[in-house]
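# Examining the three-dimensional arrangement
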Amino acid sequence: MNSKTEAFLTQPATPAVPMAWAEVGQSHPHESAVLHVLGEATYTDDIPEAAGTLHAALGISAKAHANILSMNFDAVKAMPGVVAVYTHKDIPGTNDCGPIIHDDPILSEGLVEYVGQPIFIVVATSHDNARRAVKKAVIEYEELPAILTPQAARDAKSFVVPPMHLARGDAQAAFERSPHKLRGSLHVGGQEQFYLEGQISYAIPKEGKGMLIYCSTQHPTEMQHVVAHALHRHSHDIVVECRRMGGGFGGKESQSALWAACAAISAAHLRRPVKLRADRDDDMMVTGKRHCFYYEYEMGYGDDGRIIAAKVEMVSRAGFSADLSAPVATRAVCHFDNAYYLGDVDIRAMAGKTNTQSNTAFRGFGGPQGAIAIEYIVDEIARNLGMDALDVRKINFYGRNDEEGRNITQYNQKVVDNVIHDLVSQLEDESSYRKRREEINAFNAKSRVLKRGLALTPVKFGIAFNVTHFNQAGALVHIYTDGSVLVNHGGTEMGQGINTKVCQVVAHELGIDLAMVRATATDTSKVANTSATAASTGADLNGKAAQDAANTIRKRLAEFAAKRHDGDPATVRFEANFVHVGDQAIPFAELVQKAYMARIQLWSDGFYATPGLHWDPKTMSGNPFSYYAYGASVSEVVVDTLTGEWKLLQADALYDAGNSLNPAIDIGQVEGAFIQGMGWLTTEELWWNPAGKLMTHAPSTYKIPGVSDCPENFNVRLFKNRNVMDSIHRSKAVGEPPLLLPFSVFLAIRDACSSVGGHRYNPPLRAPATSEAILDAIGAVQERAAVQDAAEAAN
């Protein structure tokens, strides 16, 4: 990959206190980069095992929907090394791990609702012994009818939460009076998180009722709550720690709870440490994925491509329980507009209950599923009018400021920082979009088999948790007498660099080198009641909390320095490892030592709650987002129309990270999100057989993008901007929004398919656009073209 990091990317961010020196806004390496490369970074499975550690494995359902008539564990108990077998009857407290609605049992109580649902736990002397033993259970089932698709769930009115409806204006009337009308449907598949490190928990009993759990999780506090309830203990008895994850992507937000609970239940019974590590097959069979969506839409539009009416019904495959399907659907509704103003709109969303894994959070959290639909529709409008899709996109963009009132979203939030016009124009020019469009048209006119496609798509993504009270964070900052600093915060590190950014914020606030600041493992006994590291809020929330804590200590030190040296606390400066009082420069470590001797408190807690957020789920309106992050990308592909194979030739992405805290890390996040999103839309196909068993449950059958799928020309740049909201150093989130950038890859493939019919017909391309899907779309275009040609010849 050749990411272009232009000079403007490394300009320092504007500091909280004006100074010539800064640690934020700089391209520092990831704080654990060296450990990652050397293989010395400690993940949960790398923690030295305590004496007497046992290993657990889960026995899972072989049926999609059935009553359990009997279970026989005699053969299981006879296997080498088996110590115990536990079922739901052995759970001391609540048999539930649902994050919102309590409909998700840790272990089945007699009804199984998907192939892979945990039924029992086997504890043995080794991981392999436990794995072999679970296979020996004899279970008799009474099978029941199963619902497997979102369409079937909708038709059966089978939902995990009540359907949602958002309306503004009169979409039906606007549709009827529109000069042009469009009706259609779309299916977009789900996606496996496929983190490198699988689900794992290691539970160690402590004195009294105490339990320490090392868990690969994005939400230690949720794990604490689930385990406390399962063991019928108080939260203060349970400590959950996570130093780092080998990837999370949402899959370890709520669904790590099952693994933590089963390890803790076993450890509590045996009073011995128990580790539960999922093999990849079990992980994929048991856990939920990104929700697949099915859409039916009606759009009215004018001669210029401007959308007049928008009606859409979207149904997701929620799986057997609610999990996080309600907020995922809410975000899909709120992101259906993407970067476009929709005046008269009617959006309906349903979370279909199916006999499959309970789907859960995945990077973007419903936002990508909402936005892909409008992009697909805009693409169709352009083709129907014979226009370039970019021109249709531009005419539908949200207005600047109060232009024609076109800056209010369908959920009634004002778009106050709309930079999408400038950002897209910059990318259009820098990527030579118009010239390349002409070159591609010329190439396609001469090439019968290979067809090229091009697309430019925008992104507008709201930043904050859907649930207002989750938008809070805490942190602890300790300064030691040698001037070194330790910070602990509620965010979890999953490779995205949150610890690096938080340390940069603290170092900047105290005016010291980043090397003097270290972040410790996320720990529920240090910062309590934390929110999940999700919704792209990790650096925003925890960075602000850490800044608050560091600022408190800095003020104490400034007052102490001013008093000792007859200065004004307001003019004391902290920079470059020195504290400046008047014309004196005192080494930071020296001042800290003196402050300690003077009994000045050298540690502090910090807290932050995002202001201005509110949401009414009944009316589906409010101010759910703190701000919007923007971006756009151009993708060029070539498709083999005989085989359906394709290749991404070039990708150009421009992303709005605001006043970036760390440009190098942010560019890396954009690159990773782009390839991950491309995988979702092109190669990563989840497939269940007619009996409801997930057959793509291993790397051999589930295809994530590889190095060879990355374009040789991959140009990622950050848009020069500054957040209008008071985010941490006016930066913007960079976790989830870039995953929407590869919409351009999917629509470039569709563009290539469309060229087969001279761009007269809309290819019915489904996602993921596998080779089979591409051939189906090309075949449909060729069939329509043949019919049309025959009709014209007959006339």
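The structure this text deals with has already been given above.
Residues numbered from 1 in each chain as written. Predicted model: local features only at pLDDT ≥ 70, side-chain atom pairs only at ≥ 80, totals over all residues. Heavy atoms only, no water.

### A word on the overall build of the chain
Our working definition: Numbering of helices and strands runs from the N terminus; a helix is a DSSP stretch of H or I covering at least four residues, while a strand is a stretch of E covering at least two. Taken over C-alpha atoms, the radius of gyration is set against a globule rule of 2.2 Å times the number of residues to the power 0.38. Each residue gets one of three labels from its accessible area relative to the maximum for its type: buried under 20%, exposed over 50%, partly exposed in between, using a 1.4 Å probe on protein chains only. For this analysis, residues touch if any pair of their heavy atoms sits within 4.5 Å. Note that accessible areas follow from Shrake-Rupley with a 1.4 Å probe, and for residues the cover is restricted to the protein chains shown. Counting rule applied: Lys, Arg positive; Asp, Glu negative; His and chain ends not counted. The location of each charge is read from NZ of Lys, CZ of Arg, CG of Asp or CD of Glu.
On a plain count of helices and strands, the chain comes out with 19 helices and 29 strands. A compact globule built from 795 residues would reach a C-alpha radius of gyration of about 28 Å, and the chain, at 28 Å, matches this within 12%. Along the three orthogonal principal directions, the C-alpha set of the chain runs to about 100 × 80 × 50 Å. Looking at the chain as a whole, 62% of its 795 residues are labelled buried. Here the analysis covers contacts within the chain between residues at least 6 apart in sequence; of these, 80% occur between residues at least 24 apart. Summed over its atoms, the accessible surface of the chain is roughly 29,200 Å², and 51% of this surface lies on carbon and sulfur atoms. Taken together, the 74 basic and 90 acidic charged side chains of the chain have centroids lying 1 Å from each other.

### Looking at helix α15 (residues 538-564)
Heads up, the rule is: To estimate how far a helix should extend, the number of its residues minus one is multiplied by 1.5 Å.
Counted at 1.5 Å a residue, the expected span for α15 with its 27 residues is 39 Å, and the 39 Å between its end C-alpha atoms agrees. Most of α15 sits inside the fold, with 20 of its 27 residues counted as buried. Count one or two residues on from α15 and you reach D566, which has phi positive near 55°.

### Observations concerning the sheet that holds strand β21 (residues 573-575)
Cut-off, in case you're wondering: Between any two strands, at least two bridges found by DSSP are needed for them to pair. Axis definition: a line fitted to C-alpha atoms, limited for helices to the stretch in contact. Angles are taken between N-to-C directions and run from 0 to 180 degrees.
Read across the open sheet, the three strands follow the order β21-β22-β23; overall the sheet is antiparallel. Single-partner strands in this sheet number two, and they are β21 and β23 (584-587). If you compare each strand with its neighbour and ignore which way they point, the axes differ by 25° on average. Alignment of β21 against strand β22 (residues 578-581), held across three bridges, turns out to be antiparallel. Within β22, the position partnered with F574 by the bridge is V579.

### Observations regarding the sheet that holds strand β16 (residues 450-463)
Judged by pairing direction, the sheet is mixed, and its four strands sit side by side in the order β16-β27-β28-β29 without closing on themselves. Looking at the sheet topology across the chains shown, the edges are occupied by β16 and β29 (713-718). The mean angle between the axes of side-by-side strands here comes to 15°, regardless of whether they run parallel or antiparallel. The pairing of strand β27 (residues 627-640) with strand β28 (residues 646-655) spans nine bridges and is classified as antiparallel. Bridge pairing in β28 places V634 opposite D652. The sheet strands contacting helix α12 (residues 420-430) are β16, β27, β28 and β29, and the helix crosses β27 at an angle near 30°.

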